[in-house]
Amino acid sequence: MALGTDSIWLRRYATQDPPRMRLVCLPHAGGSASFFHSWGHAFGSDVEVLAVRYPGRQERIAEELFTEMEPLADAVTEALLPVSDTPLALFGHSMGASLGYEVALRLQQHGTSPAVLMVSCRKAPHLLTPRTVPLGDDAELVAEVKRLGGTDTALLDDPDLRELILPAVRADFSIVSAYPARPGEPLDCPVVGYVGDSDPDVDIEGVRGWDLVAPKGFDLKVLPGGHFYLMDRRDELVADIRTRLAPER
């Protein structure tokens, strides 16, 4: 099925040819689809990239924010079902990894499991530990975002931009805080875990724990860097994903 460029949930980086696979990218807390802009045409002419556009930012700035994981996962799944006639691969970073897992479970229930789930810098579902960020305090919330790093943190120094950005950040952190550890439900697809070797919050063993929900196979890739290793190691990460998405010979 063709995907229109006006899809409210999905920013599409179209291929020249009918895609063999679609790579769905799920941003981190406070992130947006533009975080994956440089991935748009990085996987060859037969892999179409779809970056998920969360409400409350960029083109969807005026829309109501989600503050719980389950309804967000439901909405993303509904957006993906019309394009699941082509195999889907999911990549989620941080909060996006947990969201990717929930979406994979829902796709599985619809009989259209993804080809692979790739999770980045997020502990396995049963290993998640509660971590409360003072969501009512702007200064502490900004400090937490800057501690983790990532793109556009300098924008938070501008009072006017901060007023626009913080509501989405606060809503996403609410999602993370309200998403507790749970028994991992197995997936019908392989899982690949990625993590930076100096991530301040997510250790290698926490990502290795995804093996529990991956009876179809699990692999772990450790790259140099912190929670946003995928910025400095973008080319290395993209090359690894490209290899995993390559057609079987």
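About the criteria used
- Residues numbered from 1 in each chain as written.
- Predicted model: local features only at pLDDT ≥ 70, side-chain atom pairs only at ≥ 80, totals over all residues.
- Heavy atoms only, no water.
- Helix = DSSP H or I, 4+ residues; strand = E, 2+ residues; numbered from the N terminus.
- Rg over C-alpha atoms; globule rule 2.2 N^0.38 Å.
- Contact = heavy atoms within 4.5 Å.
- Buried < 20%, exposed > 50% of the residue type's maximum accessible area, 1.4 Å probe, protein only.
- Pairing = 2+ DSSP bridges.
- Polar contact = N/O pair within 3.5 Å; in protein donor to acceptor, adjacent residues only side chain to side chain.
- Core = buried A, V, L, I, M, F, W, Y, C linked by side-chain atoms within 4.5 Å.
- Axes fitted to C-alpha atoms, helices over the stretch in contact; angles between N-to-C directions.
- Parallel < 35°, antiparallel > 145°, perpendicular 65-115°, else oblique.
- Nonpolar A, V, L, I, M, F, W, Y, C, P; charged D, E, K, R; others polar.
- pLDDT = per-residue confidence, 0-100.

**Quick word on the overall build of the protein chain**
Right, so step 1: Looking only at helices and strands, the protein chain features 7 helices and 7 strands.
Right, so step 2: Counting from the amino terminus, helix and strand elements in the protein chain follow one another as β-β-β-α-β-α-β-α-α-β-α-β-α-α.
Right, so step 3: The C-alpha radius of gyration of the protein chain comes to 17 Å, within 12% of the 18 Å expected for a compact globule of 249 residues.
Right, so step 4: Counting only C-alpha atoms, the protein chain reaches 50 × 40 × 35 Å along its principal axes.
Right, so step 5: Expressed as a percentage of contacts within the protein chain between residues at least 6 apart in sequence, the contacts between residues at least 24 apart total 80%.

**Looking at the pairing of strand S6 (residues 191-196)**
Right, so step 1: With 6 of 6 residues buried, S6 is to be regarded as a mostly interior element.
Right, so step 2: A two-sided burial pattern is seen for S6, the buried positions comprising Val191, Gly193 and Val195 on one face and Val192, Tyr194 and Gly196 on the other.
Right, so step 3: Direction of pairing for strand S5 (residues 116-120) relative to S6: parallel, over a ladder of 4 bridges. Paired with methionine 118 across the strands is valine 192, a residue of S6.
Right, so step 4: Pairing between S6 and strand S7 (residues 218-223): 6 bridges, direction parallel. Each residue of the ladder has a partner; that of glycine 196, found in S7, is leucine 223.

**Here's the deal with the environment of aspartate 158**
Right, so step 1: Secondary-structure assignment places aspartate 158 in the loop between helix H3 (138-148) and helix H4 (159-177).
Right, so step 2: A polar side-chain atom of aspartate 158 sits 2.9 Å from the main-chain amide nitrogen of aspartate 160.

**A word on the nonpolar core**
Right, so step 1: Membership of the largest hydrophobic core comes to 78 residues, with the highest contact counts inside it found for Leu23, Trp39, Phe43, Phe91, Met118, Ile241 and Leu245.
Right, so step 2: Here the element with the most residues in this core is helix H2 (residues 95-109); it accounts for 8 residues.
Right, so step 3: Not counting the four nearest positions on each side in its chain, leucine 23 is found in contact with Trp39, Phe43, Val47, Glu48, Val49, Leu50, Ala89, Phe91, Met118, Ile241 and Leu245.

**Side note on the packing of H3 against H4**
Right, so step 1: It is the contact of H3 with H4, at a shortest axis distance of 11 Å, that shows an interaxial angle of 75 degrees. Relative to H4, the element H3 is oriented roughly perpendicular. In this structure, H3 uses Asp138, Leu141, Val142, Glu144, Val145 and Leu148 to contact H4, whose residues at the interface are Arg162, Leu166, Val169, Arg170 and Phe173.
Right, so step 2: Of the residues contributing to the contact of H3 with H4, the split by class is 7 nonpolar, no polar and 4 charged.

**Considerations on the confidence of the model for the protein chain**
Right, so step 1: Averaged over the protein chain, the pLDDT score is 91; the fraction of residues at 70 or greater is 95%.
Right, so step 2: Counting interchain partners and residues more than four positions distant, the pLDDT-below-50 stretch residues 1-6 has 9 contacts.

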